[in-house]
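Here are the chains, one letter per residue:
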Amino acid sequence: MKLEGAVLRNLLARRRRAEWIFKIAASGALLFALGTLGVLLLDVLRDGLGWLDWDFLTHFPSRKPEQAGILSALAGTFYLMILTILIAFPLGVGAAIYLEEYAKKHWFSRIVEVNIANLAGVPSVIYGLLGLELFVRTMGLGRSLIAGALTMALLVLPIIIIAAREAIRTVPNPIREASYALGASRWQTVWHQVLPVAFPGMLTGSILAFSRAIGEASPLITLGALTYIAFLPDGLTSPFTVIPIQIFNWVSRPQKAFLNCAAAAILVMLAILLAMNAVAVFLRHRTQRRMTL
Amino acid sequence: MTPATVETQEELTQAFAIQGLNSWYGSFHALKGVSMTIPEKRVTAIIGPSGCGKSTLIRCLNRINDLIPGFRVEGQIAFKGQNLYDPALDPIQVRLQIGMVFQKPNPFPKSIYDNVAFGPRLCGEKDRSKLDAIVEESLRKAALWGEVKEKLKQSALALSGGQQQRLCIARTLAVGPEVLLLDEPCSALDPIATAKIEELLMDLKKSYTVVLVTHNMQQAARASDYTGFMLLGELVEFALTAKIFTNPTNSRTEAYITGRFG
Ligand SMILES: Nc1ncnc2c1ncn2[C@@H]1O[C@H](COP(=O)(O)OP(=O)(O)O)[C@@H](O)[C@H]1O
Ligand SMILES: [Mg+2]
């Protein structure tokens, strides 16, 4: 079929119009998302920025909003995260190494794989219930820092395993072959060749997982973490609270001024998240440079 | 098929004696009854069109194919009288004696020094001055010392392709093997880098048994003493290189070297 001038022009005009409509729709969606985010951020900034000072960071929560601070929540979040990382990172990396470098690829490892992916999608409240039953009650750890960390570790473990496996898969196979050809054992190959290359990627993926977990309140509330703590955790079995729980607590208070406390706490939370993500981006950037040089 | 034999006046010690070797990737029959003897301290070339099983054959010689899931071998490979596939034999022991260089240069993303020192360190060598000596000697043997002695601490990935491949050879020599298996070591290199490696092979065959896989017939003709021609998983002919290229016995060999197929 040969297109005549007018028909062709018509066809092209229609296509241009379709393209234009799609462009508007897509950028509209983006603008809407960014706009919502911007409004939220502005709102939090307006309510919280004036409240956020050194005293806020270094004071315990109080009945009086003007004196309330997030010291115990900040410390709780910090300790909880460190503990969670110490538990979940080695376990997750170990599991990933086993699955990628040791396990024979047959039906059993397939099932394990599928289930890890499924576990990553389980709502975090369920992990809270599991932690409550397993760590708080059965193991008798109480509503302690260590029970919280173990629960959070379970929550992030599937994501860490997935991230670590992905990082291991980016290690080119010729590197492994070269290592084996030089008489390296499996473990020597993993330790000297695979891990150094994959490690930054594992770290990046894990940091992103941890920075999500840091904002989770629901599993810890399910666990029964306290909402009012006016001391610093002094050991693994010490009660604790974290920033999201503190925010949750302040938001549910009747006094208006506590909303300012909550907004300021949200700003602290955002700063921590941004810092963690920046570290992840930095690490990724550095590895890319090293691998391509 | 009758085992290929080499007619020669030389008194040769045999490095490898391969008898009725069959191998499979899953259900795919990749090597079909390969029998040949590879002489010591000579360059033996394996030629043949892509996919005929050259890599599979030499990857059996250091048991690196053990790592491929579903790979299976039947038949015999003896290295200096020792059955390579003896269940009691540790493949690591085999790989320390029989080194391998791959098609694409694959240096570790580490410094030049650490690349060469990797093998000796695995064997427990920690003494810095001994390691220094091994690194220098291996790089000299691989004709790379002059080009890198000032930058041993720099990343191996910054070297050119040809330099990287010679580094891979140095790294293999550092372990102290008796055999060098080279799987198309020049196919990713330019002609000048290729010439350098071929020159190096001439040198290395004085002290090492070399098995060179190549699909470049000129390279086999230039660099090897013996040549085996493979087709579709079978060893069609194995003889002195001069004989293969001037007066092949098998009509399929003749067809291949005269460029009528492949
Ligand atoms: N890992 C593998 N899995 C399955 N088949 C393979 C594998 N490696 C090679 N093969 C097959 O075995 C045959 C021989 O391959 P190869 O030895 O690599 O040939 P060459 O080195 O002569 O090009 C080819 O048909 C190839 O597709
Ligand atoms: Mg090949």
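Keep in mind that what you see is a predicted model, and the values were worked out from it rather than measured.

Bringing the site of ligand 1 into the picture now. Residues and elements named next belong to chain B. All residues in the neighbourhood of ligand 1 are listed as Tyr25, Phe28, Pro49, Ser50, Gly51, Cys52, Gly53, Lys54, Ser55, Thr56 and Ile68. Here Cys52 contributes a backbone N or O atom positioned 3.3 Å from an oxygen atom of ligand 1. Measuring from an oxygen atom of ligand 1, one finds a side-chain N or O atom of Ser55 at 2.6 Å. In isolation ligand 1 exposes 560 Å². Once the protein is present, 62% of that is buried. Per-element accounting of the shell around ligand 1 gives the leading share, three residues, to helix 1 (residues 54-61). Residue classes in the shell around ligand 1 are distributed as five nonpolar, five polar and one charged.

What follows deals with the environment of Phe79(B). Residue and element names in this part refer to chain B. Residue position: Phe79 is located in strand 4 (residues 71-79). A relative accessible area of 5% places Phe79 in the buried class. Between the C-alpha atom of Phe79 and that of Asn62, which follows or precedes it by 17 residues, the distance is 9.9 Å. When near neighbours in sequence (up to four residues on either side) are disregarded, Phe79 contacts Ala15, Phe16, Leu84, Gln97, Ile98, Glu178 and Val179.

Right, let's get into the environment of Asn106(B). With respect to the helices, strands and loops of the structure, Asn106(B) is situated in the loop between strand 6 (98-101) and helix 3 (112-122). Under the relative-accessibility criterion, Asn106(B) is labelled buried at 5%. In the structure, Asn106(B) is positioned 55 residues away from Gly161(B) in sequence and 9.6 Å away in space, judged by C-alpha atoms. Beyond its immediate stretch of four places on either side in the chain, Asn106(B) contacts Pro174(A), Ala178(A), Cys168(B) and Arg171(B). Polar side-chain contacts of Asn106(B) include one of 3.0 Å to the backbone oxygen of Pro174(A). Separated by 3.0 Å, the side chains of Asn106(B) and Arg171(B) make a polar contact.

Residue and element names in this part refer to chain B. Within strand 10 (residues 234-240), five of the seven residues are buried, which leaves the element mostly enclosed by the surrounding structure. Bridging between strand 9 (residues 226-231) and strand 10 involves six bridges; their strand directions are antiparallel. Following the sheet pairing, Gly228 is matched in strand 10 by Phe238. Hairpin connection between strand 9 and strand 10: a loop of two residues separates the two successive antiparallel strands, and Leu232 in this loop has a positive phi of roughly 50°.

With that out of the way, let us pick up the domain arrangement of chain A. Residues and elements named next belong to chain A. Segmenting chain A into domains produces domain 1 (2-51) and domain 2 (56-292). Every contact between the two is made by seven residues of domain 1 and, on the other side, 11 residues of domain 2. Both sides together, the interface formed by domain 1 and domain 2 hides about 730 Å², and carbon and sulfur atoms give 79% of it. If you sort the residues of domain 1 by the area they bury against domain 2, Val44, Asp47 and Trp51 come out on top, with a joint share of 75%. Taken together, domain 1 and domain 2 are joined by zero salt bridges. Between domain 1 and domain 2 we count one residue pair in polar contact (both at pLDDT 80 or more) in total. When the residues that make up the side of domain 1 that touches domain 2 are grouped by side-chain class, the tally is five nonpolar, one polar and one charged.

Parameters at a glance
- Residues numbered from 1 in each chain as written.
- Chains lettered and ligands numbered in written order.
- Predicted model: local features only at pLDDT ≥ 70, side-chain atom pairs only at ≥ 80, totals over all residues.
- Heavy atoms only, no water.
- Near = heavy atom within 4 Å.
- Polar contact = N/O pair within 3.5 Å; in protein donor to acceptor, adjacent residues only side chain to side chain.
- Areas by Shrake-Rupley, 256 points an atom, 1.4 Å probe, with all protein chains shown as cover.
- Helix = DSSP H or I, 4+ residues; strand = E, 2+ residues; numbered from the N terminus.
- Nonpolar A, V, L, I, M, F, W, Y, C, P; charged D, E, K, R; others polar.
- Buried < 20%, exposed > 50% of the residue type's maximum accessible area, 1.4 Å probe, protein only.
- Contact = heavy atoms within 4.5 Å.
- Pairing = 2+ DSSP bridges.
- Domains from an automatic or database assignment.
- Buried area = accessible area lost by both parts, 1.4 Å probe.
- Salt bridge = Lys/Arg side-chain N within 4 Å of Asp/Glu carboxyl O.

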